[in-house]
Amino acid sequence: MKTIKLITGLFVLLITTVVWARVEVATLRGNTPLNEEGKPPMMAQVVNDDEKLQRAYPMQPPIIPHKIDGYQVDMNTNTCLSCHSRKRTPESQAPMVSVTHFMDRDGNFLADVSPRRYFCQQCHVTQDKVRPLVENQFKDVDLVLKEEQAKQVK
Amino acid sequence: MKKFIKQCWRVLTRPSVHFSLGFLTVGGFVAGIIFWGGFNTALEVSNTEAFCISCHEMKDNVYQEMRTTIHFSNRSGVRATCPDCHVPHNWTDKIARKMQASKELWGKIFGTINTREKFEAKRLELAQHEWARLKANDSLECRNCHNFDYMDFTKQSQRAAAQHSTSLASGEKTCIDCHKGIAHQLPDMAGVDGW
């Protein structure tokens, strides 16, 4: 009985080792050894078509649909606001910064964009023309609700 | 002193005793060529980037800022140097600008912007001089390379084409109106028209 157990144990161990060895861990580094620099991927092109995309969920910060190379956002100036600020929108025809950005953390509305909302790229980003590295299983909230309703009907 | 000036005047107004007319005219012509060549060479030396950044004020501030912009490094390797944008190419305008620049020598001697803090404090004023100059000459230094007549709007993004084919084409706006801070960082823009 003991020998059978031992043999089975060894067999299981052997199988797991073989399977383990075959699984390659997917990393950005690929097969490059630790002491070498891997070949970096190509720099992606920034989407610059000025087209609004649907937001994936209601509170999503809208993405920036244009290039922002060299845009200066610091203590001196905010280049984004030279088009998107309240005063500049008539001339630029760019969307105005959301009114929520005029609110401080206590809910008071200020005359201009609140300092805590000054750095646009904390939330708003450009998009690159790339294929996703992994499959995206995100479901829109409408779809989730529909599925739930369908379940309840059953 | 008065006597010396009088003596000089007498020498200058009287005909030459020792030198022939031929020597004086030909000699004067040759000396003129040498003088003019020397003057122009010196002028051109002062019109190079190496000359500009031989002062730390330029090298540590504006030059460093420019290095990351499209006018310094880009896909095709064509780049602008300091005088391409900051010195007019036309000779008379160039001389006028060079004479104005004597004020910059004054600033250099007395250390008007010899630290980063002093430079930042004075930056708005300096930038406004350049904006005024480019506004007055319809962004001539931009247009030396970026010629409006050869712009292909179909190769531009929709937004850029829309602006260039309306405001710029009608002459209502000039390059610098929108493209401030294209090659250097901007000063504190509070109160600047259009910001």
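Not measured: the values here are computed from a predicted model.

**So, the overall build of chain A**
Helix and strand content of chain A: four helices and zero strands. Listed by position from the N terminus, the elements making up chain A come as α-α-α-α. Within chain A, the proportion of its 154 residues that are buried is 6%.

**Thoughts on the overall build of chain B**
Each helix and strand counted, chain B has eleven helices and zero strands in total. The linear arrangement of helices and strands in chain B, starting from the amino end, is α-α-α-α-α-α-α-α-α-α-α. C-alpha atoms of chain B, sized along the principal axes, occupy 75 × 40 × 30 Å. Pairs at least 24 residues apart make up 57% of the contacts formed inside chain B by residues separated by at least 6 positions.

**Describing the interface of chain A and chain B**
Contact with chain A, which involves eight residues of that partner, is made by eleven residues of chain B. In terms of residue class, the side of chain A that touches chain B is built from no nonpolar, seven polar and one charged.

**Observations concerning unusual backbone geometry**
Phi is positive for Gln93 of chain A, which is not a glycine, with a value near 60°. Summarising the element assignment, Gln93 of chain A is placed in the loop between helix H3 (89-92) and helix H4 (141-153). Residue Gln93 of chain A is classed as exposed on the basis of its C-beta count, with 10 C-beta atoms lying within 10 Å. A positive phi is found at Ser139 of chain B, a non-glycine position, where the angle reads about 55°.

**Remarks on the UniProt feature "domain: NapC/NirT cytochrome c N-terminal" (unreviewed entry) in chain B**
Residues annotated by UniProt as "domain: NapC/NirT cytochrome c N-terminal" (unreviewed entry) correspond here to residues 15-189 of chain B. As annotated, residues 15-189 of chain B has a helix share of 59% and a strand share of 0%, and its two end C-alpha atoms lie 65 Å apart.

**A short note on helix H7 (residues 102-110) of chain B**
Counting buried residues in H7 of chain B gives zero out of nine residues, a small share hidden from the surface. Gly111 of chain B lies just past H7 of chain B and shows a positive phi near 65°.

**Observations concerning the UniProt feature "transmembrane region" (unreviewed entry) in chain B**
UniProt records the feature "transmembrane region" (unreviewed entry) at residues 21-39 of chain B, using the numbering of this structure. Helix makes up 100% of residues 21-39 of chain B and strand 0%, and the two end C-alpha atoms of the span are 26 Å apart.

**What about the confidence of the model for chain B?**
In this model, chain B carries a mean pLDDT of 92, and residues with pLDDT of at least 70 account for 100%. For this predicted complex, the interface score ipTM comes out at 0.76, while the overall pTM is 0.78.

**With respect to the confidence of the model for chain A**
Per-residue confidence for chain A gives a mean pLDDT of 86, with 86% of residues at or over 70. Mean pLDDT across the elements of chain A ranges from a minimum in helix H1 (residues 2-22) of chain A, with 63, to a maximum in helix H2 (residues 81-84) of chain A, with 94.

**Remarks on the environment of Asp104 of chain A**
Residues and elements named next belong to chain A. Here Asp104 is to be found in the loop between H3 and H4. For the pair Asp104 and Arg116, spaced twelve residues apart in sequence, the C-alpha to C-alpha distance is 7.4 Å. With residues up to four places along the chain from it excluded, the contact list for Asp104 reads Leu110 and Ser114.

**A look at the environment of Glu51 of chain A**
Along the chain, Glu51 of chain A turns up in the loop between H1 and H2. Spatially, the C-alpha atoms of Glu51 of chain A and Thr3 of chain A are 71 Å apart, while their sequence positions differ by 48 residues.

Rules used throughout
Residues numbered from 1 in each chain as written. Chains lettered and ligands numbered in written order. Predicted model: local features only at pLDDT ≥ 70, side-chain atom pairs only at ≥ 80, totals over all residues. Helix = DSSP H or I, 4+ residues; strand = E, 2+ residues; numbered from the N terminus. Buried ≥ 20, exposed ≤ 12 C-beta atoms within 10 Å, placed from the backbone. Contact = placed C-beta atoms within 7 Å. Nonpolar A, V, L, I, M, F, W, Y, C, P; charged D, E, K, R; others polar. UniProt positions renumbered as here; feature names shortened; annotations may be inferred. pLDDT = per-residue confidence, 0-100.

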